Amino acid sequence: MAKTFLENVLETLRRGVELGGFPEEVYKILSKPERILIVKILVRMDDGRLEVFEGYRVQHNSALGPYKGGIRFHPEVTLDDDIALATLMTLKNSLAGIPYGGGKGAVRVDYKKLSEKELEQVSRGYARAIAPLIGDHIDIPAPDVGTNPQVMAWMVDEYSKLKGFNVPGVFTAKPPVLWGNPVRRYATGFGCAVMSREAAEKYLGGVEGKRVSIQGFGNTGRWHAYWLSKMGAKVVAISDTSGTLYDPEGIDVELAMKVKNETRKVINYPKGEKIPDPKAALYVEADILGPDAMENQITTENVGKVKAKIIVEGANGPTTPEAEIKLYEMGVVIVPDFLANAGGVIMSYLEWVENLQWYFWDEDETRARLERIMKNNFLKVYNKFEEIKGEKKEATMRDAALIISIERLYEAMRYRGWL
Ligand code: NAD
């Protein structure tokens, strides 16, 4: 039987604890959440029916600071999935070097079937239900699949009404007018571009003129492409579910964004070759590849077709573990997802710092701060990778990241006297 998501995450955790030579007690603590809240959300639907939705908030670990992680609205999400996601947030936030623990929330609901009014009721109902256990110094949710800045706006409004005053720092990724930050819109893709640039510095002698291919032209992929082109790289391929656009002369990313916004398809771009396979972006001649669409895209079946030298994982889990081993044998370096796509949560941290002080940086200042943190994080992992490569030739950059993440948690828990 295939392993569950939670089983896979626990296996990763186990591997990290063993690789870093940490005591078994570290696994014992990190393999279980600190607290789980299961809530019921009552919603009077537009047709008069009463619906009862189930929601969760998993508070996984608080050794490094308040719990932090998104809220997912999905019809099939389970409590076990939510625990797995919260565990990953603990690892991601620790690696990011920000003062947060890990948490994650979910509501079992198909948001696509809700009217705007019903969605608002679910959002407000969930915020009310978890309000006793969250707070700007306790647990700070953000959007995930199925939720967005509008949902955050309803939630921060509901929470603030309960408190009797505005509490901006309890949810992040809010609309800029409600104490959000304009950088959040592109933070994940921008962070991926910084990672690509730093990796290109180390392995390709710089990013200038390097060929880039991006699979997925959504929030992550389009800004990954946009900022890399601003940094001097040449974007030669982009794709979405309509197919792959390939132009070895270089794609005008701003024009491609306009075309995508207006027609919903990147292949409507006026120039270049149009390849019907959306996965073709993974196989074109490129120096840097951003698999930025979804999970399980590079597998043992297609790994042999990849030609890039560096892969920067914008999506979560785009490369299967078996394919990753093969890529390293082929001489490809992979900047792992939980390092590469942390720009969103790091931006959330900056927004929260602004909110706590009621003081706001302008867009350039915020972006510069985000860039500095991302760059430092890359260097931290790169140095660790170089160190462990000397000891173990099959080591990956993901191993190095995992060790750094668990090391920081271990240290915090040891000082606190938890083990
Ligand atoms: P999105 O829905 O905005 O974009 C996804 C894009 O991928 C769309 O353009 C879609 O057409 C395309 N796509 C889907 N299947 C494809 C395929 N097989 N081949 C090529 N293109 C395909 O989603 P997003 O927010 O950009 O998220 C993408 C990935 O990045 C996910 O794995 C997500 O978990 C991860 N991620 C996103 C953020 C964020 O802040 N948005 C943060 C961290 C991680």
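Small disclaimer: the values here were computed from a predicted structure and weren't measured.

## Digging into the pattern of salt bridges
The full count for this structure, using the stated rule, is 32 salt bridges. Residue Lys104 pairs with Asp144 through a salt bridge whose shortest N-O separation is 3.3 Å. Of this pair, Lys104 sits in strand β4 (residues 102–108) while Asp144 sits in the loop between β5 (139–143) and α5 (149–163), and the two are 40 residues apart along the sequence. The same class applies to Lys104 and to Asp144, which are both buried. Two residues, Lys389 and Glu386, come together in a salt bridge whose shortest N-O distance is 3.0 Å. Residue Lys389 and its partner Glu386 are located together in helix α12 (residues 363–391), separated by three residues, close to a single helical turn.

## Notes on a nonpolar patch on the surface
A surface patch of nonpolar side chains, amounting to about 270 Å² of accessible area, comprises Leu42, Leu50 and Val52. Note that Leu50 resides in strand β2 (residues 50–61). You can call Leu50 partly exposed: its relative accessible area is 46%.

## Looking at the sheet that holds strand β3 (residues 67–74)
With respect to topology, five strands assemble into an open sheet ordered β1-β2-β4-β3-β5, the strand pairing being mixed. The open sheet has two edge strands with one neighbour each: β1 (35–44) and β5. Taking each pair of neighbouring strands and ignoring which way they run, the sheet shows an average axis angle of 25 degrees. Direction of pairing for β3 relative to β4: parallel, over a ladder of four bridges. When the sheet's bridge partners are listed, His74 is paired in β4 with Arg108.

## Things to note about the domain arrangement of the protein
Per the domain assignment, the segments making up the protein are domain 1 (31–170) and domain 2 (187–340). Between the C-alpha centres of domain 1 and domain 2 the distance comes to 31 Å.

## A closer look at unusual backbone geometry
Positioned with a positive phi, Arg264 is a non-glycine residue whose angle comes to about 65 degrees. Mapped onto the elements of the fold, Arg264 is located in the loop between α8 (253–263) and β9 (273–275). A relative accessible area of 68% places Arg264 in the exposed class.

## Some remarks on the site of the ligand
Residues in contact with the ligand amount to 21 residues; listed here are only the nearest, Thr188, Gln215, Asn219, Thr220 and Asn316. In the environment of the ligand, an oxygen atom lies 2.9 Å from a nitrogen or oxygen atom belonging to the backbone of Asn219. Protein chains shield 71% of the accessible area of the ligand, which is 830 Å² for the free molecule. For the shell around the ligand, the elements supplying multiple residues, two or more each, are α7 (219–230) and β7 (234–240). Across the shell around the ligand, the residue classes break down as five nonpolar, twelve polar and four charged.

Cut-offs used in this document
- Residues numbered from 1 in each chain as written.
- Predicted model: local features only at pLDDT ≥ 70, side-chain atom pairs only at ≥ 80, totals over all residues.
- Heavy atoms only, no water.
- Salt bridge = Lys/Arg side-chain N within 4 Å of Asp/Glu carboxyl O.
- Helix = DSSP H or I, 4+ residues; strand = E, 2+ residues; numbered from the N terminus.
- Buried < 20%, exposed > 50% of the residue type's maximum accessible area, 1.4 Å probe, protein only.
- Patch = residues over 30% accessible without salt bridge, like charges linked within 9 Å, V, L, I, M, F, W, Y side chains within 5 Å.
- Areas by Shrake-Rupley, 256 points an atom, 1.4 Å probe, with all protein chains shown as cover.
- Pairing = 2+ DSSP bridges.
- Axes fitted to C-alpha atoms, helices over the stretch in contact; angles between N-to-C directions.
- Domains from an automatic or database assignment.
- Near = heavy atom within 4 Å.
- Polar contact = N/O pair within 3.5 Å; in protein donor to acceptor, adjacent residues only side chain to side chain.
- Nonpolar A, V, L, I, M, F, W, Y, C, P; charged D, E, K, R; others polar.

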